[in-house]
Amino acid sequence: MMFTDTYRFNDVIHRCFRCGYCKFPTNWMDVNNCPPYARFRMEPYSCGGRLWLTRAWLNEELDWSEHLAEILYSCTTCRNCEVKCPLSFNVDIVNMVVAARSEMIERGKIPGAVKRFLENIDLHGNPYGSARSKRDAWMEGVEIEGYNGQEYLYYVGCTGSYDTRAQKSARALGMLLRKAGLSFGVLGNQENCDGNEVHKLGEAGLFEMLAQENIGRFNGLGAKKIITLSPHAYNAIKNLYPRYGGDFRVFHYTRVIFELIKEGKLDISGGFAAQVTYHDPCFLGRWNEEYETPRRILAAVPSLRLIEMEKNRDAALCCGGGAGNFEIDLLSGSESSPARRRVRQAAETGATVLAAACPKCLVMLEDAAKAEELEGRLSIRDILEIVTDACGMESGLQT
C-alpha cells in the first residue's frame, strides 16, 4: 500500500531539496535556529531531513521505528522554517509535518510519551494527568470571580492552571485585571484544554472534540471576549476555532495589559530597575505576528532598560517547548537544547532579567537557567510579574 495515496501533501512534499535556509535565523552565520537540529546537529532532525524521511516512510521505502517517530515529533512547530524558506510551498511546511503525524496516529504508531500526552488530555483535560478538580488551584489566595456574563472571560490554560511556576503568572494576570477594574471571570474547574498542542501533534479527532466542547461552553455562557494567558491558547481560539463555528474576540494578555497601562488604569510608576531582554514566544510572534506590544509594555516601565538579543522577533530561537515538547521532552538532556541555548543568548546581552510572555516559555527557560547555573545572574520573569512589581504588588504573587 502506498501511503502517499492518502497523504494530503503528496504532490508537494518532494519539492524540498534541502537547501538549508530553514535552519537560519537571519543569515548564513548560524544554522542553529531549527530547534531539533540545534539539539542534535544531524540532518534528519532538520526541516528538510524530516520531510525527506517522511516521504520515504509514506512511500514504504523506510520502515516505521520509534526513532523515526521521535524525529518527526521533535519538531516544535515554531515556524522558523516557514519564515526562512524562500520557496512557494513554505506556507505548508508545518502542515506537512502535522499531516504526517496524523498518518502515524491513524496507524497507532507514535512515541509512548506522545501517546500519554494525548491520553491525559482526553481523560483529564490536561497533559499532566492531574485531576480536573485541581484545575482551579492557581486561584488560591486570589479573589477572582467565576464567569457569569462579565465582559471578558479569562482563559488560563493547562500550564497556568497546573504548573506551580506558571501559576504565579496566572495569579498575576488575575490581580492586574482586578486592580484595573476590568469586568472579567474565569471558568475554574469547568475549564478544559484548548487543544492547540493536540492539533500540532496531529490528533485531529481529539482536537475537534475539544474545540467543539469549548466553543459550546463559551457560547452557552454568553462569552464574546476572551483573554488568554498563553499564546498557544490564543492561537487555537483565534485561528482554529472559527473552523468549527467559534466566533470570539480573543486577546493575548499583552494587548490588554498594554491598553490598561495606556489608559492609566494600571499605575506602573514604581518602575522596575533592571536590564531586561525579551524572548519572543513562537505562537505569539511567528504564528500571530505580535512582536511589538510586549516590547511597548516593557518600554513603558520606568527604570527598565530593554536590550535585544541578536536573534529577536521572527529570528528568535524557540525555547523548544512547542507541539507538546514542554511535557513530551524530546529535546532536553544536553547543553545544546534550545532552551539552554536561548538562556545563554540572553545572558550574553548583559541583561539580568529574561522576560517571557508565555507560561510554557517561562517554565522551559527557568529550568534551562538552572541547568546553565545562571541563577543569581539571570532571572526569568513573566512580563506580568514585571508589571505587578512596577505596580507595587509583588508580595501578592507568592504561593
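This section reports on the structure supplied with the text.

Rules and cut-offs
Residues numbered from 1 in each chain as written. Predicted model: local features only at pLDDT ≥ 70, side-chain atom pairs only at ≥ 80, totals over all residues. Heavy atoms only, no water. 1 Å grid on protein atoms, 1.4 Å probe; cavity = no way out; pocket = protein on both sides within 12 Å on 5 of 7 lines; lining within 4 Å. Points joined across faces, edges and corners; volume = space filled by probe spheres on them. Helix = DSSP H or I, 4+ residues; strand = E, 2+ residues; numbered from the N terminus. Nonpolar A, V, L, I, M, F, W, Y, C, P; charged D, E, K, R; others polar. Buried < 20%, exposed > 50% of the residue type's maximum accessible area, 1.4 Å probe, protein only. Pairing = 2+ DSSP bridges. Axes fitted to C-alpha atoms, helices over the stretch in contact; angles between N-to-C directions. Right-handed = clockwise from strand over helix to strand, strands pointing away. Left-handed = near helix turned anticlockwise from the far one by under 90°. Contact = heavy atoms within 4.5 Å.

1. Remarks on empty space enclosed by the protein
Applying the stated criterion across every chain, the model contains seven cavities of 30 Å³ or more. Space inside the largest cavity adds up to approximately 110 Å³. Lining the largest cavity we find 15 residues, and of these C16, C19, C22, C85 and F89 sit closest to its centre. Ranked by residue count, the leading element in the lining of the largest cavity is helix α2 (residues 47–58), at three residues. Residue composition of the lining of the largest cavity, grouped by class: 12 nonpolar, two polar and one charged.

2. Considering unusual backbone geometry
Look at E60: it is not a glycine, yet its phi comes out positive at around 60°. Along the chain, E60 falls in the loop between α2 and α3 (66–73). The class of E60 is partly exposed, set by a relative accessible area of 43%. The phi angle at E289 is positive, at roughly 55°, despite the residue not being glycine. Examined against the element boundaries, E289 turns out to sit in the loop between β5 (274–278) and α13 (292–300).

3. Topic: the sheet that holds strand β1 (residues 152–155)
Read across the open sheet, the four strands follow the order β2-β1-β3-β4; overall the sheet is parallel. Bordering the open sheet on either side are β2 (184–186) and β4 (249–252), each of which pairs with just one other strand. Strand-to-strand twist across the sheet, computed as the mean angle between neighbouring axes with direction ignored, equals 30°. The pairing of β1 with β2 spans three bridges and is parallel.

4. Overview of the layout of surface pockets
Summary: where empty space remains is shown by rolling a probe the size of a single water molecule over the atoms. Space inside the largest pocket adds up to approximately 540 Å³. R8, N95, V98, H199 and R243 are the residues nearest the centre of the largest pocket, which is lined by 25 residues in total. A per-element tally of the lining of the largest pocket places helix α5 (residues 93–106) first, with six residues. Looking at the lining of the largest pocket residue by residue, the classes come out as 11 nonpolar, seven polar and seven charged. As a volume, the second largest pocket reaches approximately 280 Å³. For the second largest pocket, the lining is made up of 13 residues, of which D30, E310, K311, Q345 and E348 are closest to its centre. Counted by class, the lining of the second largest pocket contains three nonpolar, four polar and six charged residues.

5. Some details on the pairing of strand β3 (residues 225–228)
Successive side chains on a regular strand alternate, one facing one side of the sheet and the next facing the other. Neither face of β3 is exposed, since K225 and I227 on one face and I226 and T228 on the opposite face are all buried. In terms of strand pairing, β1 meets β3 through four bridges, oriented parallel. Bridge pairing in β3 links Y152 to K225. Of the strand pairs in this sheet, β3 and β4 are connected by four bridges, and their pairing is parallel. Counterpart to I227 in the pairing with β4 is F251. For the segment spanning β3, helix α11 (residues 231–240) and β4, crossover handedness is right-handed.

6. Let's talk about the packing of α2 against α5
Orientation of α2 relative to α5, taken along the N-to-C sense of each, is 40°, at an axis distance of 11 Å. Crossing geometry of α2 relative to α5 is assigned as left-handed. In this structure, α2 uses C47, R50, L51, T54, W57 and L58 to contact α5, whose residues at the interface are I93, M96, V97, A100, E103 and M104. Among the residues making up the contact of α2 with α5, the classes are represented as nine nonpolar, one polar and two charged.

7. Focus: the sheet that holds strand β8 (residues 379–382)
One open sheet holds the four strands; their spatial order is β6-β5-β7-β8, and the pairing between them is parallel. Each edge of the sheet is formed by a strand with only one pairing partner; in this case those strands are β6 (304–306) and β8. Sheet twist, expressed as the mean angle between neighbouring strand axes with direction ignored, is 35°. By the bridge criterion, three bridges tie β5 to β6 in an arrangement that is parallel. Bridging from a neighbouring strand, A274 pairs with L304 of β6. Strands in contact with helix α16 (residues 359–371) are β7 (353–356) and β8; relative to β8, the strand with the most contacts, it is inclined by about 170°.

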